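Chains, contacts and geometry: an overview
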Amino acid sequence: MPVPTAARATTESAARQKAPPGWLVVLLATSCGLTVANLYYAQPLLEMLRRTFQLQDSTAGLLITLTQLGYAVGMVFLVPLGDRIENSRLVSVLLTVTALAMAVGGLAPAFTVLLIAALVAGATSVVAQVLVPYAADLAPDHLRGTVVGKVMSGLLAGILLSRTVGSLLADVAGWRTVYLASAALMAILALVLRRALPHRAPTSTDSYTALLCSTARLIRRHPQLRRRSFYHACMFAAFSAFWTTISYVLTTAPYNYSQLQVGLFAFVGAAGALVAPLAGRLADRGLAHRLTPVTCLLACATLIWAGLAAHQILVLAAAAVLLDCAVQCSLIFGQHTIYQLDADARARITSVYIATFFIGGAIGSQLGTLAYHLGDWHAVTLTAAAFPVLAALAWTTDRTHTSRKRRAAGTT
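What you are looking at is a predicted structure, and each value in this text was computed from that prediction instead of being measured. (Residues numbered from 1 in each chain as written. Predicted model: local features only at pLDDT ≥ 70, side-chain atom pairs only at ≥ 80, totals over all residues. Heavy atoms only, no water.)

For the protein chain, the count of helices and strands is 19 helices and zero strands. Computed over C-alpha atoms, the radius of gyration of the protein chain comes to 21 Å, within 12% of the 22 Å expected from 2.2 N^0.38 for 412 residues, which places it in the range of a compact globule. Projecting the C-alpha coordinates of the protein chain onto the three principal axes gives extents of approximately 75 × 45 × 35 Å. The buried share of the protein chain, taken over its 412 residues, is 57%. Here the contacts in the protein chain between residues at least 6 apart in sequence split such that 85% fall between residues at least 24 apart. With the model as given, the accessible surface of the protein chain reaches about 16,500 Å², and the carbon-plus-sulfur share is 68%. Measuring between centres, the 30 positive side-chain charges of the protein chain sit 6 Å from its 15 negative side-chain charges. (Helix = DSSP H or I, 4+ residues; strand = E, 2+ residues; numbered from the N terminus. Rg over C-alpha atoms; globule rule 2.2 N^0.38 Å. Buried < 20%, exposed > 50% of the residue type's maximum accessible area, 1.4 Å probe, protein only. Contact = heavy atoms within 4.5 Å. Areas by Shrake-Rupley, 256 points an atom, 1.4 Å probe, with all protein chains shown as cover. Lys, Arg positive; Asp, Glu negative; His and termini not counted. Charge placed at Lys NZ, Arg CZ, Asp CG, Glu CD.)

Considering all chains together, one arrives at five salt bridges under this definition. Arginine 348 is paired through a salt bridge with aspartate 83; the nearest N and O atoms lie 2.8 Å apart. With a gap of 265 residues between them, arginine 348 in helix α17 (residues 346-374) and aspartate 83 in the loop between α5 (62-77) and α6 (87-106) connect regions that are remote in the sequence. A relative accessible area of 7% means that arginine 348 is categorised as buried. By relative accessible area, which is 0% here, aspartate 83 ends up buried. Ionic pairing is found between aspartate 398 and arginine 227, a salt bridge with its closest N-O pair at 3.6 Å. (Salt bridge = Lys/Arg side-chain N within 4 Å of Asp/Glu carboxyl O.)

Quick look at the packing of helix α9 (residues 144-173) against helix α10 (residues 175-196) now. Running from N to C, α9 and α10 cross one another at 120 degrees; their axes reach a closest spacing of 7 Å. Considering their axes alone, α9 and α10 lie oblique with respect to each other. For the pair α9 and α10, the crossing hand works out as right-handed. Residues Gly166, Leu169, Ala170 and Ala173 of α9 lie in contact with α10, whose contacting residues are Trp175, Thr177, Val178 and Ala181. Split into classes, the residues belonging to the contact of α9 with α10 amount to six nonpolar, two polar and no charged. (Axes fitted to C-alpha atoms, helices over the stretch in contact; angles between N-to-C directions. Parallel < 35°, antiparallel > 145°, perpendicular 65-115°, else oblique. Left-handed = near helix turned anticlockwise from the far one by under 90°. Nonpolar A, V, L, I, M, F, W, Y, C, P; charged D, E, K, R; others polar.)

This paragraph deals with the confidence of the model for the protein chain. Looking at the protein chain as a whole, the pLDDT averages 87, with 93% of positions reaching at least 70. Within the model, pLDDT remains below 50 along residues 1-16, and this stretch shows four contacts once partners closer than five positions in the same chain are excluded. Taken together, the stretch residues 406-412 has pLDDT below 50 and engages in zero contacts with residues farther than four places along the chain or on a different chain. (pLDDT = per-residue confidence, 0-100.)

Using the criterion set out here, one finds 14 aromatic pairs in the structure. Judged by centre distance (4.2 Å) and plane angle (50 degrees), the rings of tyrosine 71 and phenylalanine 358 are tilted. With tyrosine 71 in helix α5 and phenylalanine 358 in helix α17, this residue pair connects regions lying 287 residues apart in the sequence. Just as tyrosine 71 is buried, phenylalanine 358 falls in that class too. In this structure an aromatic cluster arises from ring pairing among Tyr71, Phe236, Phe239, Tyr353, Phe357 and Phe358. (Phe/Tyr/Trp six-rings, centres within 6.5 Å; stacked < 30°, edge-to-face > 60°.)

Turning to the packing of helix α2 (residues 22-36) against α9, a few remarks are in order. Relative orientation of the contacting elements α2 and α9 amounts to 30 degrees, with a least axis distance of 7 Å. Between α2 and α9, the interaxial angle falls into the category roughly parallel. Classified by chirality, the crossing of α9 by α2 is right-handed. Along the contact surface, α2 presents Val25, Leu28, Ala29, Cys32, Gly33 and Val36, while α9 presents Val147, Lys150, Val151, Gly154, Leu155, Gly158 and Ile159. When its residues are assigned to classes, the contact of α2 with α9 shows nine nonpolar, three polar and one charged.

Moving on: the side chain of threonine 164. Structurally, threonine 164 can be placed in helix α9. Accessibility expressed as a relative area gives 5% for threonine 164, which makes it buried. The residues contacting threonine 164, other than those within four sequence positions of it, are Gly263, Ala266 and Phe267.

Now for a nonpolar patch on the surface. Taken together, Leu69, Leu119, Ile359, Ile363, Leu367, Leu370 and Leu374 make up a surface patch of nonpolar side chains, about 580 Å² in accessible area. On the secondary structure map, isoleucine 359 appears in helix α17. (Patch = residues over 30% accessible without salt bridge, like charges linked within 9 Å, V, L, I, M, F, W, Y side chains within 5 Å.)

Okay, the side chain of threonine 302 next. Note that threonine 302 resides in helix α15 (residues 288-308). Overall, the relative accessible area of 3% leaves threonine 302 in the buried class. Residues within four places of threonine 302 in sequence aside, it is in contact with Ala319, Leu322 and Leu323.

The residue tryptophan 175 is located in helix α10 in this model. Discounting residues that sit within four places of it in the chain, tryptophan 175 has contacts with Leu45, Met48, Leu49, Thr52, Phe53, Gly105, Leu114 and Ala170.

Bringing unusual backbone geometry into the picture now. Negative phi values dominate among residues other than glycine, just as trans dominates among peptide bonds. Omega for the peptide link from alanine 253 to proline 254 comes to 10 degrees, which places this bond in the cis form. Its place among the elements puts proline 254 in the loop between α12 (223-250) and α13 (259-269). You will see that glutamine 54, though not glycine, has its phi angle at about 55 degrees, which is positive. By the secondary structure assignment, glutamine 54 is in the loop between α3 (46-53) and α4 (57-60). Here glutamine 54 falls in the exposed class, since its relative accessible area comes to 74%. Even without being glycine, asparagine 256 reaches a positive phi, approximately 55 degrees. Turning to its location among the elements, asparagine 256 is positioned in the loop between α12 and α13.

See the structure below:
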């Protein structure tokens, strides 16, 4: 007997309100972590790559910059497809291309080939940002921040642990093994996600061109999207400047660390990923806007502290953890805010948000590298600290949060 339309809609609504199973949240978190790690494996390897290809510090830093720009390009031109194409199919195709690009990078005979491979791998590693809005769609409203926080903890752990894994593997088997191992992982992940992800019907039937145009309209329509993108672009610029140059500091006097020791330092910094679920709960309580300047000022103070204590490894390690905590809170606060703007356009909204802050990351990486090449570690930290100050100053002019609360009060 056919199910009435109203009853079917009620059943579907109830299904949407059920929390996703724990195994699926873990799979999404792990997948995000493994995929986004491709963007960061090279950060602690720059000194090794510089020696392999006989490069200057500033030239080696281009690898990080182009990888992040590739990610921004992928966010603009690939992630919006998450609203139009069934997600498991889109994810498997992107991961297959990522696997091929990482394999080419591992076999690269010249630095130019490695740069091109990194650009392509960066663009297709946006799989992580297809999966995050996918997780947001699966979660009921009252648990969305918590679920996204758990998935983001996997993504952020991938960002932080990738440096440790890359350093340890490179120390044992060379930097090429890092790329080749990642290529194998991406191929396996493509198969697993193709079979394991529940079907998610596309939310848009627009053409690809119309989809990109609608993304531009979303930018004009939602001032909170523009502001949140700018806030985190500044935070990520500071984050990238720190982590792109710290390997130069640790591999020279007075530390003269080996690749293994650089990896262990990065492992300590990964402790900052533990704050992600807490940030999600704070966002669910409506504290994202109020705590935004706190994260900015914490990042600024931490960077200045790191600059003043360049020869104290415990201080540098503590600064790495605090900086990562601040940046991760900023990221999750922003995502929680933008996911409330338009439930049918989360992939496109995410593409704007992530693309903007990865452009910020690319700027931070390049400016940090140049500051280190032209000055020293103090110049890097002062340059990096300026970015969260800009975000905090911009926050003081934010009236969109107040006006949104007034509109909500007027409708109740």
